[in-house]
Amino acid sequence: MSKLKIAIQKSGRLYEESLQLLKDCGIFVNNGKDQLKVSVDNFPMEIMYLRNSDIPQYLEDGVVDIAIVGENLLIEKQKKIQIVEKLGFSKCRVSIAVPKEIETDDLSYFQGRKIATSYPNTLKNFLENKGITSDIHVISGSVEIAPNIGLADGICDIVSSGSTLFKNGLRETVTLLKSEAVLAQTPQLSFEKAAILDKFLFRIQAVLKAKNSKYILMNVPNDMIQKVADVLPVLKSPTVIPLAEEGWSSIHSVIDEERFWEVIDELKENGAQDILIIPIDKMVI
C-alpha cells in the first residue's frame, strides 16, 4: 500500500506545531528526533524532516507528496505548488524595517538605498510594483544586524512579535505580505495518494474547526428560546432540554470563537443565564 510522504521542518518554529497537528489528527509519530525519515504506525504516512528552505524544491520535484511549510517561503521560492489548506499557526509577516531614528514610514526612503534581506524575490517584486529601485543585499541569516554594521539602510525579514527588531534598534514600517503555516502538495500526486490526502485533510479540518469553535450551554426561559436560537450561529438548530424548574430549558450549541463576546452579550440581552463555554476537541461536519 502506498504511503503519503510528508515533509516537516526538522527544527525551528514550525517543527513542534507541525507534530502537534499530527498528534491532534490521531497520527502518532515514532521517535525520530535524530532521523531524517520516520514511519507512522496508524496511518499510511511517512515523515521526512528537512531543512525549511529545501522543502519547496522537494515538493516541486515530487520527492515528497505534501508538506507543512510557511506560505511566505512558497511565495519566495516561486514554485508551482498548490496550497490545499491554511493551518492557522506560525503566523507572521514579511516586513521592511528601518533604524528607529528614521522618522519616515514612506517607502520612497529606500529609493537608491540598500536593503538587506533573506527574501530577495519577494522584496524585488514588491519594490518593482511600487516603482522603487533599491540595492538588495541577500543575507541568509541575522538580517536584523545589517543596519548596525553599515551594510544596509534597512531590512526586509520575517516579523512575528517584533521583539527582535526592537532589540536591534529597528522598527517596522511596511508589510509586504502576511503568512501562516500551510499544507501544500506536489503537482505530481498520484490518484492513490490523493485519496490518502483526502483522509488526512478530513482530520485536519475537524481539528481546525474545533479550535475555532466553542461548545456553549445556557439556561433560558421557555418564552425566550426562539429569540436566543435566532442569535446562535448554530450548525443546524440548537439542542433544547427541559429543566426540572418549570418554564426553563437548557440550550446547547456551538459558537465561533471570533464572535464569542458579541454573541454572549446578545444572549444575555435575550434572557440567557448560567452560560458555560467548553472547548471542543474535534468537530466533524
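In the nomenclature of an unreviewed UniProt entry, the chain is known as ATP phosphoribosyltransferase of Chryseobacterium jejuense. Here the chain is described in UniProt, under the heading Function (unreviewed entry), as follows: "Catalyzes the condensation of ATP and 5-phosphoribose 1-diphosphate to form N'-(5'-phosphoribosyl)-ATP (PR-ATP). Has a crucial role in the pathway because the rate of histidine biosynthesis seems to be controlled primarily by regulation of HisG enzymatic activity." According to its UniProt record, the chain has this under Catalytic activity (unreviewed entry): "1-(5-phospho-beta-D-ribosyl)-ATP + diphosphate = 5-phospho-alpha-D-ribose 1-diphosphate + ATP".

Time to look at the sheet that holds strand S15 (residues 273-279). In a beta sheet, neighbouring strands are held together by backbone hydrogen bonds and run either parallel or antiparallel to one another. The 4 strands lie next to each other as S13-S14-S12-S15, forming an open sheet whose pairing is antiparallel. Whereas interior strands pair on both sides, the edge strands pair on one side only; in this sheet they are strand S13 (239-242) and S15. Looking at each pair of strands side by side, their axes are set apart by 20 degrees on average, direction ignored. Of the strands in this sheet, strand S12 (213-221), strand S14 (248-256) and S15 touch helix H8 (residues 260-269), which is tilted by about 155 degrees from S15.

In terms of strand pairing, S13 meets S14 through 4 bridges, oriented antiparallel. Opposite Val240, over in S14, you have Ile251 as the bridge partner.

The next thing to look at is the layout of surface pockets. What the largest pocket holds in volume is close to 810 Å³. Taken together, the residues of the lining of the largest pocket sort by class into 14 nonpolar, 18 polar and 8 charged. Split by domain, the residues of the lining of the largest pocket number at least three in each of domain 1 (4-90 + 180-189) and domain 2 (92-179). In terms of lining, the second largest pocket is formed by Glu17, Gln20, Leu21, Lys86, Leu87, Gly88, Phe89, Leu208, Lys211 and Asn212. Among the elements of the structure, helix H1 (13-24) and helix H6 (191-211) are those that each provide at least two residues to the lining of the second largest pocket. The element that contributes the greatest number of residues to the lining of the second largest pocket is H1, accounting for 3 residues.

For the rest of this paragraph, the subject is a nonpolar patch on the surface. On the surface, Ile145, Ile149 and Leu151 cluster together into a nonpolar patch covering about 250 Å² of accessible area. Checked against the element boundaries, Leu151 lands in the loop between strand S8 (135-138) and strand S9 (154-159).

With that settled, consider the domain arrangement of the chain. Split by domain assignment, the chain resolves into domain 1 (4-90 + 180-189), domain 2 (92-179) and domain 3 (213-279). A straight line from the C-alpha centre of domain 1 to that of domain 2 covers 28 Å. Contact residues are listed per partner, giving 9 residues for domain 1 and 12 residues for domain 2. Contact between domain 1 and domain 2 buries roughly 840 Å² in total, counting both sides, with carbon and sulfur atoms accounting for 41%. Area buried by domain 1 at its contact with domain 2 is led by Arg13, Asn72 and Glu76, which between them contribute 62% of it. Seen at the junction of domain 1 and domain 2, the total is 0 salt bridges. Counting across the interface, domain 1 meets domain 2 through 5 residue pairs in polar contact (both at pLDDT 80 or more). The element that contributes the greatest number of residues to the side of domain 1 that touches domain 2 is helix H3 (residues 71-77), accounting for 4 residues. For the side of domain 1 that touches domain 2, a count of residues per class yields 1 nonpolar, 4 polar and 4 charged.

Conventions we followed
- Residues numbered from 1 in each chain as written.
- Predicted model: local features only at pLDDT ≥ 70, side-chain atom pairs only at ≥ 80, totals over all residues.
- Heavy atoms only, no water.
- UniProt positions renumbered as here; feature names shortened; annotations may be inferred.
- Pairing = 2+ DSSP bridges.
- Helix = DSSP H or I, 4+ residues; strand = E, 2+ residues; numbered from the N terminus.
- Axes fitted to C-alpha atoms, helices over the stretch in contact; angles between N-to-C directions.
- Contact = heavy atoms within 4.5 Å.
- 1 Å grid on protein atoms, 1.4 Å probe; cavity = no way out; pocket = protein on both sides within 12 Å on 5 of 7 lines; lining within 4 Å.
- Points joined across faces, edges and corners; volume = space filled by probe spheres on them.
- Nonpolar A, V, L, I, M, F, W, Y, C, P; charged D, E, K, R; others polar.
- Domains from an automatic or database assignment.
- Patch = residues over 30% accessible without salt bridge, like charges linked within 9 Å, V, L, I, M, F, W, Y side chains within 5 Å.
- Areas by Shrake-Rupley, 256 points an atom, 1.4 Å probe, with all protein chains shown as cover.
- Salt bridge = Lys/Arg side-chain N within 4 Å of Asp/Glu carboxyl O.
- Buried area = accessible area lost by both parts, 1.4 Å probe.
- Polar contact = N/O pair within 3.5 Å; in protein donor to acceptor, adjacent residues only side chain to side chain.

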